[in-house]
Amino acid sequence: MLLLVLLLLSAMAQAEGIQIKSFSLAAVDRHYEMSVDSEIVLNATLEQALEKGIVLYFVTKFSLVDSRWYWLNDEVVRGKSRIGLRYYALTRQYHLNFPEFSQSFNTLREALQALGQLRKYSLTVKSDLKQDIEYIASLRIWLDLTRMPKPFQVEALGSNEWNLSSDRLEWRMKLPLPEQPFHLKGR
């Protein structure tokens, strides 16, 4: 019986969190765009905070780094998207606030599904890029606790229930050509 309870608790713990399903990088005109598919599942504490009117901000960060043995590493490409998730009790709707627009949903499941799909996000190129160099790429998605009201930030310091993050994915890659986008399937 104890083993069954432990397995059930383990399954519930794995159900919460952020899991990156896929990532793609495409060369478009003179810049690069990324698309990310992820699965985001909130725990009961975060759902309650959302229902109380707290906005939850989720950050997706991608970077390409030129690893140099003779000097410090150089971040050559960066993409950082911050999206707010809010619940309005009066209309009983969930709202996603993207940088360019906002969108409403009737259920939390629909809102989280849309939140997990970042499409054609333009990346900032900070240095000259070379097609023949292998770069170190990294991708991570997390709940940004620094954007929450101060009392919740203090509460979050002492609790794991407020820490929601994907694993940091890292891999080596060359830049994709316009006719050959790069695709990575999650684990």
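Above: the structure in question.
The structure presented is a predicted model; accordingly, all values stated were derived computationally and were not measured. (Residues numbered from 1 in each chain as written. Predicted model: local features only at pLDDT ≥ 70, side-chain atom pairs only at ≥ 80, totals over all residues. Heavy atoms only, no water.)

## Describing the packing of aromatic side chains
Summed over all chains, the structure comprises 7 aromatic pairs. Measuring from centroid to centroid gives 4.7 Å for Phe-98 and Phe-101, while their planes differ by 25°, and the two rings are stacked. With centroids separated by 6.1 Å and ring planes inclined at 5°, the aromatic side chains of Trp-171 and Phe-182 adopt a geometry described as stacked. Residue Trp-171 is located in strand 10 (residues 169–173), and its partner Phe-182 is located in strand 11 (residues 182–185); the two are separated by 11 residues in the primary sequence. We note that Trp-171, like Phe-182, is buried. Site record: aromatic cluster; members linked through ring pairs are Phe-23, Phe-62, Trp-171 and Phe-182. When the ring centre of Tyr-57 is taken as reference, the NZ or CZ atom of Arg-147 above it lies at 4.7 Å. (Phe/Tyr/Trp six-rings, centres within 6.5 Å; stacked < 30°, edge-to-face > 60°. Helix = DSSP H or I, 4+ residues; strand = E, 2+ residues; numbered from the N terminus. Buried < 20%, exposed > 50% of the residue type's maximum accessible area, 1.4 Å probe, protein only. Lys NZ or Arg CZ within 6 Å of the ring centre and 35° of its normal.)

## As for empty space enclosed by the protein
Overall, the coordinates contain 2 cavities of 30 Å³ or more when judged by the stated rule. Counted as a void, the largest cavity has a volume near 50 Å³. Residue lining of the largest cavity: Ile-40, Phe-58, Val-59, Thr-60, Ser-81, Ile-83, Leu-115, Leu-118 and Ile-141, and that is the complete set. For the lining of the largest cavity, the leading source of residues is strand 3 (residues 56–66), giving 3 residues. Here the residues of the lining of the largest cavity are counted per class, giving 7 nonpolar, 2 polar and no charged. Here the second largest cavity is characterised by a volume of approximately 30 Å³. Surrounding the second largest cavity, Val-36, Ser-38, Ile-40, Thr-60, Leu-115, Gly-116, Leu-118 and Ile-141 form its lining. Looking at the lining of the second largest cavity element by element, the count peaks at 3 residues for strand 2 (residues 31–41). (1 Å grid on protein atoms, 1.4 Å probe; cavity = no way out; pocket = protein on both sides within 12 Å on 5 of 7 lines; lining within 4 Å. Points joined across faces, edges and corners; volume = space filled by probe spheres on them. Nonpolar A, V, L, I, M, F, W, Y, C, P; charged D, E, K, R; others polar.)

## Let's talk about the layout of surface pockets
Quantified by volume, the second largest pocket comes out at close to 170 Å³. Looking at the second largest pocket, the residues that line it are Ser-38, Glu-39, Ile-40, Val-41, Arg-109, Leu-112 and Gln-113. Among the elements of the structure, strand 2 and helix 3 (108–115) are those that each provide at least two residues to the lining of the second largest pocket. If one sorts the elements of the lining of the second largest pocket by residue count, strand 2 sits on top with 4 residues. Looking at the lining of the second largest pocket, its residues break down into 3 nonpolar, 2 polar and 2 charged.

## Here we look at helix 3
Within the sequence span of helix 3, burial applies to Leu-108, Ala-111, Leu-112, Ala-114 and Leu-115. One side of helix 3 carries all its buried residues, which in axial view fall inside an arc of 160°. Residues of helix 3 that are exposed and point over 90 degrees away from its buried face: Arg-109 and Gln-113. (Arc of directions from axis to C-beta.)

## A look at helix 2 (residues 44–51)
For the α-helix, the turn length of 3.6 residues means that residues three or four positions removed from each other point alike. Taken residue by residue, helix 2 has Thr-45, Leu-46, Ala-49 and Leu-50 as its buried positions. All buried residues of helix 2 fall inside an arc of 135° around its axis, so they share one side. Buried-residue contacts for helix 2 involve strand 3, strand 4 (74–88), strand 5 (93–97), helix 3 and strand 9 (135–143). For helix 2, the N-terminal capping position is held by Asn-43, with its side-chain oxygen 3.2 Å away from the main-chain nitrogen of Thr-45. Positive backbone phi, approximately 100°, marks Gly-53, located one or two places after helix 2. (Contact = heavy atoms within 4.5 Å. Polar contact = N/O pair within 3.5 Å; in protein donor to acceptor, adjacent residues only side chain to side chain.)

Bear in mind that shape data such as this cannot, by itself, settle questions of function.
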